[in-house]
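# Structural overview for review
These are the residues of each chain, in order.
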Amino acid sequence: MNDVQEATSPGTSLSGPATCVSKVELRVSCKALLDRDTLNKSDPCVMLMVQTNGQWTELDRTEVIKSNLHPVFAKVFMVDYYFEEVQKLRFEVYDIHGTHSIGGRDDDFLGGVECTLGQIVAQKKMVKPLLLKYGKYAGKSTITVHAEEISGNNGYVELSFCAKKLDDKDLFSKSDPFLEIYRINDDETEQLVHRTEVIKNNLNPVWEPFKVSLISLCSCDDERKLKCLVWDYDSRGKHDFIGEFYTTFREMQKISSGNKVTWDCVNPKYKQKKRNYKNSGLVILSDLKLHRVYSFLDYIMGGCQIHFTVAIDFTASNGDPRNSCSLHYINPYQPNEYLKALIAVGEICQDYDSDKRFSALGFGARIPPNYEVSHDFAINFNPDDDECEEIQGVVEAYQNCLPKIQLYGPTNVSPIISRIGRLAAGDGIIKDASRYHILLILTDGVVTDMADTREAIVRASYQPLSIIIVGVGNADFTDMQILDGDDGVLRSPKGEPVLRDIVQFVPFRDFKTASPAALAKCVLAEVPKQVVEYYSHKAIPPMCPMRDLHTPILSPLATTPTE
């Protein structure tokens, strides 16, 4: 009997798979392409180029669509996605003559566009004008790129089955029924998904609810055919067949409060032989609870904006900005460490903020007009609007700020952390996944207000906020590691632990000889996980999920049947 009762979903892990690279599908179409052919219309093809180490290489290309100025290509580009990297893409459209080779003549080129993968996934649907050489518009030609994440795991479902009036297969007692569910694969093979326990001596069994991942049940395809078999258990392994039925996950989801989904359990042999045969009983889905597991891209592609704030250390330990030894020295030929770190991280984050406006704050300086010390001031000196246009605007505000302030001290960062925490909290109730905050703190030394900073971080861990601290210069940053929860749980001075690990600290000197991309990759690698952890803890789903298995949106912690 154990061979039936203990055989559950093969290879199913309800805790989810190990973290893996997100894969994104890109679908391409064009409108109003230039007509390069004399006798008929252009025969367009789109080539996808990726930039690696400054070099453009072809990743893939679409099919050729004959004589069409408004092509919709069937080819789907598959691209690995990394939030912490700037992934530059270029789409080039060509008019193909005869063979499937790209022509070398200028008149074969119908236009191209450069962008980042981050820009595409943040917009879900990106429409851009095509450009010819030297930035000239290719008439009114446009290219549209749709993005969709391909996930290896979209949660799991809890199913409750029962049956009524099953055929009695036993002579001196009633049947001992159990249910098997098989997934029909693309190659028509059958994969066992779940086998219930045996209910002894019962023609109206109620099986225990069970959980199964969506990838195991239907490969995250709600139209995939499922084959369900009911057997009368035999201790010698020669189980008697009672009946079968076919269904799909979509059909299962027709269940609603008070209504159940019912199937005729049919024995094909009886149906063929008996004229008045109806069924060998009924199988009923009495409850379905869908537990979604959302990914970072679900939130981003659902419309979540990432608001970026930078806080810069203007304490006297940085050195006089007029002196070339100062960490704030403005070298016309090479950005200082503050600017390198700001640009490296900011260039990633700006793709995920539609208005491209970023808050830029300073601390530890005497500021005009009264030259009192401030640990939270706008570096554009506009307290009503501390935002700058794009990363370049932050760079310019920083450069303009330096001559107007007096570097002072101490290194207090808790006021800015508390302020951004309050901003992230909004009116106190986070209702949707519309905005997540990243605070980048650039400092040249260990913070002075460590107790207050720990308290501020614990409070901030309850808000949609991640904090990145980059240590600039050659100071001993050993004490700063306490703020990064990698070596243990950060606690407030009173012993209260953070709700979740939201701080990432790195010394810039570890990346002095590396590319700016390496710094960004290191400090931003944890952000996707932190975003998902926050909204999952709050049971907040994406605002508009891209992958929808045609069910109402349920939170990752949902425990009610779908409607």
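Here the structure is a predicted model, which means the values were calculated and not measured. (Residues numbered from 1 in each chain as written. Predicted model: local features only at pLDDT ≥ 70, side-chain atom pairs only at ≥ 80, totals over all residues. Heavy atoms only, no water.)

Another point: the packing of helix α7 (residues 337–349) against helix α8 (residues 390–401). The geometry of α7 relative to α8 is characterised by a closest axis approach of 10 Å and an angle of 160° between their N-to-C directions. By the angle between their axes, α7 is roughly antiparallel relative to α8. The chirality of how α7 crosses α8 is right-handed. Taken together, the residues of α8 that come into contact with α7 (itself represented by Y338, L339, L342, I343, G346 and E347) are I391, V394, V395, Y398 and Q399. When grouped by side-chain class, the residues that make up the contact of α7 with α8 number eight nonpolar, two polar and one charged. (Axes fitted to C-alpha atoms, helices over the stretch in contact; angles between N-to-C directions. Helix = DSSP H or I, 4+ residues; strand = E, 2+ residues; numbered from the N terminus. Parallel < 35°, antiparallel > 145°, perpendicular 65-115°, else oblique. Left-handed = near helix turned anticlockwise from the far one by under 90°. Contact = heavy atoms within 4.5 Å. Nonpolar A, V, L, I, M, F, W, Y, C, P; charged D, E, K, R; others polar.)

Time to look at the sheet that holds strand β14 (residues 240–248). Ordered in space as β11-β10-β13-β14, the four strands form an open sheet in which the pairing is antiparallel. The open sheet terminates on both sides in strands that have one partner only, identified here as β11 (190–195) and β14. For this sheet, the mean inter-axis angle between neighbouring strands, taken without regard to orientation, is 25°. Of the strand pairs in this sheet, strand β10 (residues 177–184) and β11 are connected by five bridges, and their pairing is antiparallel. Residue pairing for β11: I181 is matched across the bridge by H194. (Pairing = 2+ DSSP bridges.)

This part takes up the packing of helix α9 (residues 414–425) against helix α10 (residues 450–460). Remark: α9 packs on α10, axes separated minimally by 9 Å, with the N-to-C direction vectors making an angle of 15°. When the interaxial angle is binned, α9 and α10 end up roughly parallel. Regarding α9 and α10, the two cross each other, and that crossing is left-handed. Between α9 and α10, the contacting residues are S414, I417 and S418 on the first element and D452, T453, A456, I457 and A460 on the second. A per-class count over the contact of α9 with α10 returns four nonpolar, three polar and one charged.

With that settled, consider the side chain of T309. With respect to the helices and strands, the residue T309 is situated in strand β17 (residues 305–313). When near neighbours in sequence (up to four residues on either side) are disregarded, T309 contacts S359, L361, I420, I438, L439 and L440.

Let us look at the sheet that holds strand β20 (residues 372–374). The three strands are arranged β20-β19-β23 in an open sheet whose pairing can be described as antiparallel. On the outer flanks of this sheet lie β20 and β23 (406–407), each paired with one strand and no other.

Here the focus is the environment of S326. Within the fold, S326 resides in the loop between β17 and α7. The spatial distance from the C-alpha of S326 to the C-alpha of A316 is 9.7 Å, given a sequence separation of ten residues. For S326, the residues in contact, after removing those within four places along its chain, are N318, G319, D320 and P321. Within polar-contact distance, the side chain of S326 engages the backbone oxygen of N318 at 3.2 Å. (Polar contact = N/O pair within 3.5 Å; in protein donor to acceptor, adjacent residues only side chain to side chain.)

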